[in-house]
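Observations on the three-dimensional arrangement
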Amino acid sequence: MDRRRTAWAGAAAVGACALLLGACDATEPKLPERKSEAKASDFPAADRPVATIVSARWSTEEARDRLNEAEEVMDGAGIAKGMTVADIGAGEGYYTIRLTQRVGPDGRVLAEDIVPEVRDALAQRVARERLDNVSVRLGKADDPRLPEASFDRVLMVHMYHEIAEPYAFLWHLRPSLRPDGLVVVVDANRATQNHGTPPALLRCEFEAVGYRQVSMRPMPSAGGYLATFQAVGPRPEPSAIRPCRLNKPAPKAG
């Protein structure tokens, strides 16, 4: 994807864009900030390659819709009207747009990306399409910066393998889930350096931070599989987390 921002014609459009970008982390509906409780250095490093972020798009929206991708993923994730959903690594907003339709006016969507230019472009799209139940936020590589006890579903589509600090990221993510909330991961079954995550490695990394795998199913329309996880028990201390090895499961924290 060419990440250069689309040129705005005319001084009025430029002024509107500047106002929007200045406020895109506060796009209504406003969600509160949460202070980080630990630094990335407090957590073990991932013992596997981390894929490079090369694009905010892996196919056209039209091609993905022809495969009924978003509908099948949202059905598999159990996303329904009135839910609050986080779209992590939202990119150009393919899922954000479709999530807002699925959750309806009584639901809410928070779209987050760690690339400022991508976040800004998505904020423009959200404003242009008048998506009143969407907030857009800039996240961090080790912390999605989500408000506590807010989300029924946290969706991560074709981006988990790009998370540079998975243990810190998943640890900071846990408090954002509601009691029955689920983290939903869609990825390909291939090595992380090839932009996928082997299911056994995915399960191991989640379990190391105190999540339980709820489901795992093939998802050909989305180019891989769909897995769901739920936080269980107390959140481990960062120093107690044991990293997963590529060829050997890690012991659980404790």
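One structure accompanies this document, and this report is about it. (Residues numbered from 1 in each chain as written. Predicted model: local features only at pLDDT ≥ 70, side-chain atom pairs only at ≥ 80, totals over all residues. Heavy atoms only, no water.)

Brief notes about the overall build of the protein
The criterion, for reference: Under the scheme used here, helices are H or I runs from DSSP no shorter than 4 residues and strands are E runs no shorter than 2 residues, and both carry numbers assigned from the N terminus. The cut-offs for exposure are 20% and 50% of the maximum accessible area for each residue type, with area from a 1.4 Å probe on protein chains only; residues under the lower value are buried, those over the upper are exposed, and the others partly exposed. A contact between two residues is defined here by any heavy atoms of the two lying within 4.5 Å.
For the protein, the count of helices and strands is seven helices and seven strands. Moving toward the C terminus, one meets the helices and strands of the protein in the order α-α-α-β-α-β-α-β-β-α-β-α-β-β. In the protein, buried positions account for 53% of the 254 residues. Long-range pairs, those at least 24 residues apart, make up 76% of the contacts in the protein between residues at least 6 apart in sequence.

Comments concerning the pairing of strand S1 (residues 84–88)
Looking along a regular strand, one sees the side chains alternate between the two faces of the sheet. Put simply, the rule reads: At least two bridges found by DSSP between two strands are what make those strands a pair. For the handedness criterion, the strands are oriented away from the viewer, and a crossover whose path from the first strand over the helix to the second runs clockwise is classed as right-handed.
With five of its five residues buried, S1 lies for the most part within the structure. Burial of S1 is two-sided: the residues Thr84, Ala86 and Ile88 facing one way and the residues Val85 and Asp87 facing the other way are all buried. Pairing of S1 with strand S2 (residues 108–113), which is carried by five bridges, proceeds in the parallel orientation. In the sheet register, aspartate 87 faces S2, and the bridge partner there is alanine 111. In this fold, the crossover linking S1 to S2 by way of helix H4 (residues 94–103) has right-handed handedness. In the sheet, S1 pairs with strand S4 (residues 151–157) via four bridges, with the strands oriented parallel. Looking across to S4, one finds that isoleucine 88 is bridged to methionine 156.

Concerning the sheet that holds S1
Heads up, the condition is: Every angle, taken between N-to-C directions, lies between 0 and 180 degrees, and every axis is a line fitted to C-alpha atoms, over only the stretch in contact when it is a helix.
Judged by pairing direction, the sheet is mixed, and its seven strands sit side by side in the order S3-S2-S1-S4-S5-S7-S6 without closing on themselves. Sheet topology places strand S3 (134–138) and strand S6 (211–219) at the edges, where each strand pairs with a single neighbour. Strand after strand, the sheet turns through a mean of 20° between neighbouring axes, direction not considered. The sheet contact formed by S4 and strand S5 (residues 177–187) spans six bridges and is parallel. Across the sheet, the residue bridging to methionine 156 is valine 185, located in S5. Of the strands in this sheet, S1, S2, S3 and S4 touch H4, which is tilted by about 170° from S2.

Some points on the state of the cysteines
For clarity, the threshold we go by: We call a pair of cysteine sulfur atoms a disulfide whenever their separation is within 2.5 Å.
Evaluation of the coordinates by the stated rule reveals one disulfide. The disulfide bridge from cysteine 204 ends at cysteine 244, spanning 2.1 Å between sulfur atoms. Residues cysteine 204 and cysteine 244 are joined through a disulfide that is left-handed, its torsion about the S-S bond being -105°. Residue cysteine 204 is found in helix H7 (residues 199–208), and its partner cysteine 244 is found in the segment after strand S7 (224–231); the two are separated by 40 residues along the sequence. Given the relative accessible area of 9%, cysteine 204 is considered buried. According to the relative accessible area criterion, cysteine 244 is buried, its value standing at 1%.

Brief notes about the pairing of S6
When S6 meets S7, the two strands line up antiparallel, connected through eight bridges. Each residue of the ladder has a partner; that of tyrosine 211, found in S7, is alanine 231.

Examining the pattern of salt bridges
Our working rule: The rule for a salt bridge is simple: a side-chain nitrogen of Lys or Arg has to be within 4 Å of a carboxyl oxygen of Asp or Glu.
On inspection of all chains with the given rule, the structure shows twelve salt bridges. A salt bridge links arginine 48 to glutamate 205, with the shortest nitrogen-to-oxygen separation between them at 2.9 Å. Here arginine 48, found in the loop between helix H1 (11–23) and helix H2 (61–66), pairs with glutamate 205, found in helix H7; they are 157 residues apart in sequence, far enough to count as distant. Taken as a pair, arginine 48 and glutamate 205 share a single burial class, namely buried.

A few points about the side chain of glutamate 112
Note on placement: glutamate 112 falls in strand S2. Contact partners of glutamate 112, with chain neighbours within four places excluded, come to Asp87, Ile88, Gly89, Ala90, Arg137, Leu138, Gly139 and Pro144.

Here's the deal with H4
Where burial is concerned, most of H4 is hidden: nine out of the ten residues are buried. Those residues of H4 lying buried are Tyr94, Tyr95, Thr96, Ile97, Arg98, Leu99, Thr100, Arg102 and Val103. Looking at the residues trailing H4, positive phi occurs at glycine 104, about 75°.

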